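Listed below are the residues making up each chain.
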Amino acid sequence: MSADKVAPPPPSPTPPPPSRPRPRPVEFSKGVNGLDKVVLRESRGSSAESIFKPPKAIRGGIPICFPQFSNHGSLEQHGFARNRVWSIDNDPAPLPTNSTSKACVDLIFKPSDDDLKIWPHSFEFRLRVALGPGGDLMLTSRIRNTDAKPFTFTFAYHTYFSVSDISEVRVEGLETLDYLDNLQNKERFTEQGDAITFESEVCSKFHLFLFSLL
Ligand SMILES: O=P(O)(O)OC[C@H]1O[C@@H](O)[C@H](O)[C@@H](O)[C@@H]1O
C-alpha cells in the first residue's frame, strides 16, 4: 500500500448530549410582595402520558374531579372543574386554633355562564390547601349549594403518586369494598385481599359515593 492511500483515522465518537439538570423539588425565593416564596416542583408526579396542552387536563398532581367523577354522567370525563382557572380568596377564614398547619391557601371556583349551560346548578367550591409543619399536605373541599334547588354530584381527588418501583407498592385498607374493574367492562367485584399489589395494569374504581346538596 502506498503512503497516500493510508486509511484516515476513525472519527472520534460523538460525545453524548449534556444531560438536562433536573429541577429542584423545592425552591425558595422572594415574591413580588417581598414575602418568602416557596415553589414546589414535582417533575415526576405525573403520568408518562401527560400532555400539557389545553383543553386536555394535566395528568399529574391532584386533579379535582367535580361535579362528575369518571364518566358516570353526561359531562366530560372527571367533570369540568379540573379544567378551569380557580381564584385565590385573599381573605379566607382563619385556620382552626387547634390546627397544626402553618400555611394555607383557599382556592375558589364558581361556575361561569358557559358552565351553567352544561351543568345548570350554581355552587361555590372552596378548596383549602394547607401545609403542615412536617411537610404534609392537607386538602379540604367545601362545596356550597348557592342554587335555589338541590343537586347531586360525584367528586374525587385523582391523586398521582410518584413511585420508583411499583413492585414495592401495597395499597391496604380496601378489603370488603366494592369496586368496578375498568379492564373487565366495569364489572363489579368485592375486594378480598388485605393488600393490593401491582403485577400488571390495574384500573379499578372503589366505593363510589354520590353526594346530594340541599
Ligand atoms: O386521562 P384522564 O381524563 O386525566 O383520566 C385519568 C384516568 O382516570 C381514571 O378514572 C380512568 O379510569 C382512566 O382510564 C384514566 O386514564
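Residues numbered from 1 in each chain as written. Predicted model: local features only at pLDDT ≥ 70, side-chain atom pairs only at ≥ 80, totals over all residues. Heavy atoms only, no water.

1. Observations regarding the site of the ligand
- Around the ligand, the surrounding shell consists of K56, R59, Q77, H78, R82, H158, Y160, N182, C203 and K205.
- R59 has a polar side-chain atom sitting 2.7 Å from an oxygen atom of the ligand.
- K205 places a polar side-chain atom, nitrogen or oxygen, 3.2 Å from an oxygen atom of the ligand.
- The protein chains hide 77% of the 390 Å² of surface that the ligand would expose on its own. (Near = heavy atom within 4 Å. Polar contact = N/O pair within 3.5 Å; in protein donor to acceptor, adjacent residues only side chain to side chain. Areas by Shrake-Rupley, 256 points an atom, 1.4 Å probe, with all protein chains shown as cover.)

2. Some words on the confidence of the model for the protein
- A residue-level look at the protein finds 77% of positions with pLDDT of 70 or above and a mean pLDDT of 82.
- Highest mean pLDDT in the protein belongs to helix α1 (residues 113–118) (97); lowest belongs to strand β15 (residues 211–213) (62).
- The ipTM, which scores confidence in the relative placement of chains, is 0.94 for this predicted complex, and the corresponding pTM is 0.74. (pLDDT = per-residue confidence, 0-100. Helix = DSSP H or I, 4+ residues; strand = E, 2+ residues; numbered from the N terminus.)

3. Overview of the sheet that holds strand β12 (residues 187–190)
- Pairing is antiparallel across the open sheet formed by three strands, whose spatial order is β12-β11-β14. The sheet is open, and its two borders are formed by β12 and β14 (204–206), each paired with just one other strand. Shown here is a sheet whose adjacent strand axes are inclined to one another by a mean of 30°, direction ignored.
- Pairing of strand β11 (residues 178–181) with β12 involves four bridges; the strand directions are antiparallel. Considered in β12, the bridge of L180 is made with R188. (Pairing = 2+ DSSP bridges. Axes fitted to C-alpha atoms, helices over the stretch in contact; angles between N-to-C directions.)

4. Notes on the pattern of salt bridges
- One pass over the structure, following the stated rule, counts 11 salt bridges.
- Ionic pairing is found between R126 and D89, a salt bridge with its closest N-O pair at 2.8 Å. Linking R126 in strand β6 (residues 123–131) with D89 in the loop between β4 (87–88) and β5 (103–109), this pair joins segments that are 37 residues apart in sequence.
- D178 is the partner of R188 in a salt bridge, and the nearest nitrogen-oxygen pair spans 3.3 Å. With R188 in strand β12 and D178 in strand β11, this pair connects stretches of sequence that are 10 residues apart.
- Judged by relative accessible area, which is 27%, D178 ranks as partly exposed.
- When salt bridges that share partners are traced, they join D89, D106, K110, E124, R126, R128 and R144 into one network. (Salt bridge = Lys/Arg side-chain N within 4 Å of Asp/Glu carboxyl O. Buried < 20%, exposed > 50% of the residue type's maximum accessible area, 1.4 Å probe, protein only.)

5. What to know about the environment of S99
- Relative to the helices and strands, S99 resides in the loop between β4 and β5.
- You can call S99 partly exposed: its relative accessible area is 26%.
- A C-alpha to C-alpha distance of 17 Å links S99 and R142, two positions 43 residues apart in sequence.

6. Section: the sheet that holds β4
- Spatially, four strands are ordered β4-β5-β6-β7 in an open sheet, and the strand pairing comes out antiparallel. Two strands bound the open sheet, and with one partner strand each, they are β4 and β7 (137–145).
- Across seven bridges, the pairing between β5 and β6 is antiparallel. Residue pairing in the sheet places L107 in a bridge with L127 of β6.

7. As for the packing of aromatic side chains
- For the structure shown, the criterion picks out 14 aromatic pairs.
- Taking the centre distance of 5.9 Å and the plane angle of 70° together, the rings of W119 and F123 count as edge-to-face.
- For F123, a relative accessible area of 2% translates into the label buried.
- Each ring, one from W119 and one from F151, has its centre 5.1 Å from the other, and the planes form 70°; the classification is edge-to-face. Taken as a pair, W119 in the loop between α1 and β6 and F151 in strand β8 (residues 151–153) lie far apart in primary sequence, 32 residues in all. Residues W119 and F151 agree in their burial class; the two are buried.
- Put simply, the rings of F66, F80, W86, F109, W119, F123, F125, F151, F153, F155 and Y157 pair up and form one aromatic cluster. (Phe/Tyr/Trp six-rings, centres within 6.5 Å; stacked < 30°, edge-to-face > 60°.)

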